[in-house]
Amino acid sequence: MNQPLQNLEQLLDRVGGLTQRYDQVSIGMVVEAIGSRSFGPLLMLIGITLFSPLSGIPGMSFFMAVFVLLVAIQMLIGRKKFWLPPFILNRSVEHGKLQKALDWLSKPARGIDRVLKPRLTFLVHRSGSYGIAMLCVVFGLCMPLMELVPFSSSAAGLALLILGLSLVAHDGLLALLAIVIFGGAFSFLIIHLL
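On a predicted model such as this, the values are computed, not experimentally measured, just so you know.

**Section: the pattern of salt bridges**
All chains considered together, the criterion is met by one salt bridge. D171 serves as the salt-bridge partner of R119, at 2.6 Å between the closest nitrogen and oxygen. Of this pair, R119 sits in the loop between α6 (95-115) and α7 (127-146) while D171 sits in the loop between α8 (152-169) and α9 (172-193); the two residues are 52 residues apart in sequence, bridging distant segments of the chain. Among the residues examined, R119 registers a relative accessible area of 24% and is labelled partly exposed.

Rendered as structure tokens:
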């Protein structure tokens with residue numbers, strides 16, 4: 001069984017290990033590598049996907065919105081292990097594209113990991129984590145619209161990545177930062193759609 005992830009670099013390393021062994025890497029393989037019991041790493045995975053060049057794939061925002069909603073709702077109802085349908089688990093990406101995205105993220109990940117530490121932990125434990133799950137439901141409902149406005153899904157991806165990191169590192173300050181980023185992305189979306 002894998003040890004719980006402590007930071008972003010560990011997440012990238014686990015996913016990178018899959019690109020070394022397989023030509024196609026499915027979401028199911030990634031979920032198994034990072035652990036299907038942890039909400040934070042799954043949010044980080046979604047956030048990395050949306051924030052990376054992979055977000056340019058048509059329909060990615062909609063697909064990731066379904067993923068966010070499934071994970072957030074299961075967290076709200078208190079499931080101990082996340083269930084994901086086969087149509088999500090079987091989606092895959094060619095290992096070269098995935099490795100390129102991981103390489104692109106590796107340097108920022110080192111810098112981010114240096115500033116992570118437990119702060120304002122009440123925001124990421126117990127009732128605070130339910131608040132994060134509710135926020136993720138809102139994210140998931142807004143993300144299909146973000147397909148219409150360039151770069152808004154990348155901002156949402158950054159917010160999801162930061163939310164996931166806040167749960168992994170027990171850093172409530174990061175959760176507040178993610179809320180601010182999502183608020184900005186949502187405002188940007190509304191302005192451009194009206």
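**Description of the nonpolar core**
Counting 67 residues, the largest nonpolar core has F39 and F67 as the members making the most contacts within it. When residues of this core are traced back to their parent elements, those giving at least two are α1 (8-21), α2 (27-34), α3 (39-51), α4 (60-76), α6, α7, α8 and α9. Apart from residues lying up to four places away in sequence, F39 is in contact with V71, A72, M75, F82, I132, A133, C136 and L167.

**As for the packing of α7 against α8**
One way to put it is that α7 packs onto α8 with a least axis distance of 10 Å and a crossing angle of 165°. Taken as axis vectors, α7 and α8 run roughly antiparallel relative to one another. Judged by the twist between their axes, the crossing of α7 over α8 is left-handed. Across from S129, I132, L135, C136, F139, M143 and M146 in α7, the residues of α8 making contact are S152, S153, A156, A159, L160, L163, S166 and L167. Broken down by class, the residue content of the contact of α7 with α8 amounts to 11 nonpolar, four polar and no charged.

**Remarks on the layout of surface pockets**
Empty space within the second largest pocket amounts to approximately 370 Å³. As for the second largest pocket, its lining consists of 24 residues, of which I27, T49, L54, V93 and L98 are closest to the centre. Secondary-structure elements contributing two or more residues to the lining of the second largest pocket are α1, β1 (24-26), α2, α3, α4, β2 (92-94) and α6. Of the residues that constitute the lining of the second largest pocket, the class distribution is 18 nonpolar, four polar and two charged.

**Some thoughts on the confidence of the model for the chain**
Of all residues in the chain, 96% have pLDDT values of 70 or greater, and the mean over the chain is 82. Highest mean pLDDT in the chain belongs to β1 (88); lowest belongs to α3 (81).

**Things to note about unusual backbone geometry**
Even without being a glycine, L120 presents a positive backbone phi close to 45°. The topology assignment puts L120 in the loop between α6 and α7. Positive phi, close to 55°, is recorded for H170, a residue that is not glycine.

Cut-offs applied
- Every residue gets a number counted from 1 within its own chain, in the order that chain's sequence is written.
- For this predicted model, a pLDDT threshold of at least 70 governs which residues receive local features, and a threshold of 80 or more governs which side-chain atom pairs are given and counted, while totals over whole chains, interfaces and linings are taken from all residues.
- In computing side-chain values, all of the structure's heavy atoms are included and hydrogens and water are not.
- Salt bridges, as used here, are contacts in which a Lys or Arg side-chain nitrogen is within 4 Å of a carboxyl oxygen on Asp or Glu.
- Only DSSP runs of H or I covering at least 4 residues are called helices, and only runs of E covering at least 2 are called strands; the numbering of each starts at the N terminus.
- In this scheme, a residue with accessible area under 20% of its type's maximum is buried, one over 50% is exposed, and one in between is partly exposed, where area comes from a 1.4 Å probe on protein chains only.
- Side-chain atoms within 4.5 Å are what join buried Ala, Val, Leu, Ile, Met, Phe, Trp, Tyr and Cys residues into a set we call a nonpolar core.
- Contacts are residue-level and defined by heavy atoms, with any inter-residue pair within 4.5 Å sufficient.
- To define axes, lines are fitted to C-alpha atoms, for helices over the stretch in contact only, and angles between the resulting N-to-C directions are given on a 0 to 180 degree scale.
- Convention used here: angles under 35 degrees read as roughly parallel, angles over 145 as roughly antiparallel, angles from 65 to 115 as roughly perpendicular, and any remaining angle as oblique.
- Note on convention: near helix rotated counterclockwise from far helix by under a right angle means a left-handed crossing. Clockwise means right-handed.
- Under the grouping applied here, Gly and all other residues not named as nonpolar or charged are polar, the nonpolar ones being Ala, Val, Leu, Ile, Met, Phe, Trp, Tyr, Cys and Pro and the charged ones Asp, Glu, Lys and Arg.
- A pocket, in this scheme, is an open set of points on a 1 Å grid over the protein atoms alone with protein on both sides within 12 Å along at least 5 of 7 lines, while a cavity is a set where a 1.4 Å probe fits but cannot get out; residues line either one if an atom lies within 4 Å of a point.
- Grid points are joined across faces, edges and corners, and a volume is the space filled by probe spheres set on the points.
- Residue-level confidence of the predictor, termed pLDDT, takes values from 0 up to 100.

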